[in-house]
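Descriptive structure summary
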Amino acid sequence: MILFVAGSFPMIGEANEQGLGFSIRPIHPDNQLDKNQTYFDLKMEPNQVQELEVMIRNNTDQEIIVEASVNAAITNLNGILDYSWNLEKAKELAKNYNQHTSTEKIDVNQIKYDSSLKMPLPSLITSEKEIKVPAQSELPYKMQVTMPEKSFDGIILGGVRFTQQETTVKETASDKGVQIKNKFAYSLGIQLRETDELVMPDLKLDQKKIKANSVNGHTGVTINLQNPAKTLMRDLEVKMTVYQKGSQKKLISSTKKGLKMAPNSNFDYGIDWNNQPLRAGNYTVKALIENHAIDGEPSELNQKWEFEETFSITKKEAKKINNQAVDLDEPAVSWWLYVVIGLLGVLILLMAVIIAKNQFDKKKGDQKRKNLKRKKQQLNQKKRIKASSKKSKIKRKE
């Protein structure tokens, strides 16, 4: 069971003590901006070093081991903040996947932070990777934060993920060979800042990263959106429309509201192709994206971006995604196709009639010419006979 909140702010996963093997509780320092929040929201100085404490309580009757990993906040494929993604673990999983599968390999070098994230939270925090907590006890987990030497505006966002190490239940005579593994986890948000300067949101759309892709198992196209600013966007509305290049007729439309983007992060916005097969060709996408200021935020955060980009889908890409898709509709035969087929049939029949008539007329003409030639030959023969007879009579007279 993994419990974490992926909302506007990084929060603690909540559960009762009997439901989970352990629970966590942050100890807010004096520079906590809002002590009513259950995450760390700290204002610090350049080069400042500070220790943070999280109390971990073991609710079981045996010792447990809790693993901890500090992570940068990212934006996942659904436009939700995620504080549980770890760069090193993601690369390790990709390498293991590449070793045990014969399918398309994962490019490990492409697994990295957003290009605009220069100070990821894990680079600012040192801590132990695990802690042992005795049965029915509570111990502090300590982290040391070292702020960058150079001052910055905006926020650095991330979290620390606590995971209970897997345990195996001992075998009994009745369940020999059956193992039950329980895994519990929390993600605790950490938000760091140095100034109160308002950082305006920004948004970029990379034309080179528009591509045919699988969207939740369906045919579709993904469009990469990037937030290169050190600010959190809490209420994004995205409207996208795809056209055949050169056409004004809408092919596919997609609208999503209430999306969020972590600072210095990017994600692939998916446009579902409505279970229709992808076709090779050239397309145009028009995007209208708005960030809405939520309650308590200044109205300056209301921003709007418009993009228009062209992209192509190759036959190879279309075939690959179509073969992977589930619930793919077979393309329906349009009414105009029946009209075209009917017209072709009429045309072929008309051509056949014309060819047959031409053949008939040709044969008739040939026969007529033969008859005329024969009559001419007969007439010439009669003339020769008559002339010969006339000559004979003249000779007899002489």
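Details of the structure are given in the entry above.
To keep things clear, this report deals only with the structure shown in the data block. (Residues numbered from 1 in each chain as written. Predicted model: local features only at pLDDT ≥ 70, side-chain atom pairs only at ≥ 80, totals over all residues. Heavy atoms only, no water.)

**A look at the packing of aromatic side chains**
On inspection of all chains with the given rule, the structure shows five aromatic pairs. Judged by centre distance (5.5 Å) and plane angle (20°), the ring pair of tyrosine 283 and phenylalanine 311 falls under stacked. With tyrosine 283 in strand β23 (residues 281-291) and phenylalanine 311 in strand β24 (residues 303-313), the pair connects residues that are 28 residues apart, well separated along the chain. Phenylalanine 311 sits in the buried class, given a relative accessible area of 4%. Every member of this aromatic cluster is reached through a ring pair, and the members are Trp273, Tyr283 and Phe311. Lying over the aromatic face of tyrosine 269, lysine 256 brings its terminal NZ or CZ to 4.7 Å of the ring centre. The ring of tyrosine 243 carries the charged tip of lysine 286 above its face, separated from the ring centre by 5.0 Å. (Phe/Tyr/Trp six-rings, centres within 6.5 Å; stacked < 30°, edge-to-face > 60°. Helix = DSSP H or I, 4+ residues; strand = E, 2+ residues; numbered from the N terminus. Buried < 20%, exposed > 50% of the residue type's maximum accessible area, 1.4 Å probe, protein only. Lys NZ or Arg CZ within 6 Å of the ring centre and 35° of its normal.)

**Overview of empty space enclosed by the protein**
Counted according to the given criterion, the structure contains one cavity of 30 Å³ or more. Its volume calculated, the largest cavity comes out at about 90 Å³. Surrounding the largest cavity, Ala73, Ser116, Leu117, Lys118, Met119, Ile155, Ile156, Leu157, Lys230, Pro263 and Asn264 form its lining. For the lining of the largest cavity, a count of residues per class yields seven nonpolar, two polar and two charged. (1 Å grid on protein atoms, 1.4 Å probe; cavity = no way out; pocket = protein on both sides within 12 Å on 5 of 7 lines; lining within 4 Å. Points joined across faces, edges and corners; volume = space filled by probe spheres on them. Nonpolar A, V, L, I, M, F, W, Y, C, P; charged D, E, K, R; others polar.)

**Some details on the pattern of salt bridges**
Tallying each qualifying case throughout the model produces eight salt bridges. Ionic pairing is found between lysine 320 and glutamate 104, a salt bridge with its closest N-O pair at 2.6 Å. Here lysine 320 is found in helix α2 (residues 315-324), whereas its partner glutamate 104 is found in the loop between α1 (87-99) and β10 (125-127), with 216 residues between them in sequence. With a shortest N-O distance of 3.7 Å, glutamate 237 and lysine 239 are connected by a salt bridge. A relative accessible area of 12% means that glutamate 237 is categorised as buried. (Salt bridge = Lys/Arg side-chain N within 4 Å of Asp/Glu carboxyl O.)

**Quick word on a nonpolar patch on the surface**
A surface patch of nonpolar side chains, amounting to about 560 Å² of accessible area, comprises Val340, Leu344, Leu347, Ile348, Met351 and Ile355. With respect to the secondary-structure elements, leucine 347 resides in helix α3 (residues 335-397). (Patch = residues over 30% accessible without salt bridge, like charges linked within 9 Å, V, L, I, M, F, W, Y side chains within 5 Å. Areas by Shrake-Rupley, 256 points an atom, 1.4 Å probe, with all protein chains shown as cover.)

**Quick notes on the sheet that holds β10**
One key point about sheets: their strands pair by backbone hydrogen bonds, in either a parallel or an antiparallel sense. Ordered in space as β4-β6-β12-β10, the four strands form an open sheet in which the pairing is antiparallel. Edge positions in the sheet fall to β4 (22-27) and β10, since each has one partner strand and no second. In this sheet, adjacent strand axes meet at a mean angle of 30° when their direction is disregarded. Alignment of strand β6 (residues 49-58) against strand β12 (residues 138-146), held across nine bridges, turns out to be antiparallel. What sits directly across from valine 54, in β12, is tyrosine 141. (Pairing = 2+ DSSP bridges. Axes fitted to C-alpha atoms, helices over the stretch in contact; angles between N-to-C directions.)

**A closer look at the environment of serine 214**
With respect to the helices and strands, serine 214 occurs in strand β18 (residues 211-215). Looking at serine 214, its side chain comes within polar contact range of the main-chain nitrogen of glycine 217, at 3.5 Å. (Polar contact = N/O pair within 3.5 Å; in protein donor to acceptor, adjacent residues only side chain to side chain.)

**Structural notes on the pairing of β6**
Along any regular strand the residues' side chains alternate between the sheet's two faces. Inspection of the sheet shows β4 paired to β6 by six bridges, in the antiparallel sense. Each bridged residue has a counterpart across the sheet, and for phenylalanine 22 the counterpart in β6 is asparagine 58.

**So, the layout of surface pockets**
The calculated volume of the largest pocket comes to roughly 1800 Å³. Lining of the largest pocket is provided by 46 residues; of these, Leu77, Gln110, Lys211, Asn213 and Asp268 occupy positions nearest its centre. Broken down by secondary-structure element, the contributors of at least two residues to the lining of the largest pocket are β8 (74-75), α1, β17 (204-205), β18, β19 (218-227), β22 (265-272) and α2. Top element by residues in the lining of the largest pocket is β22. It accounts for six residues. Tallied by class, residues from the lining of the largest pocket come to 16 nonpolar, 16 polar and 14 charged.

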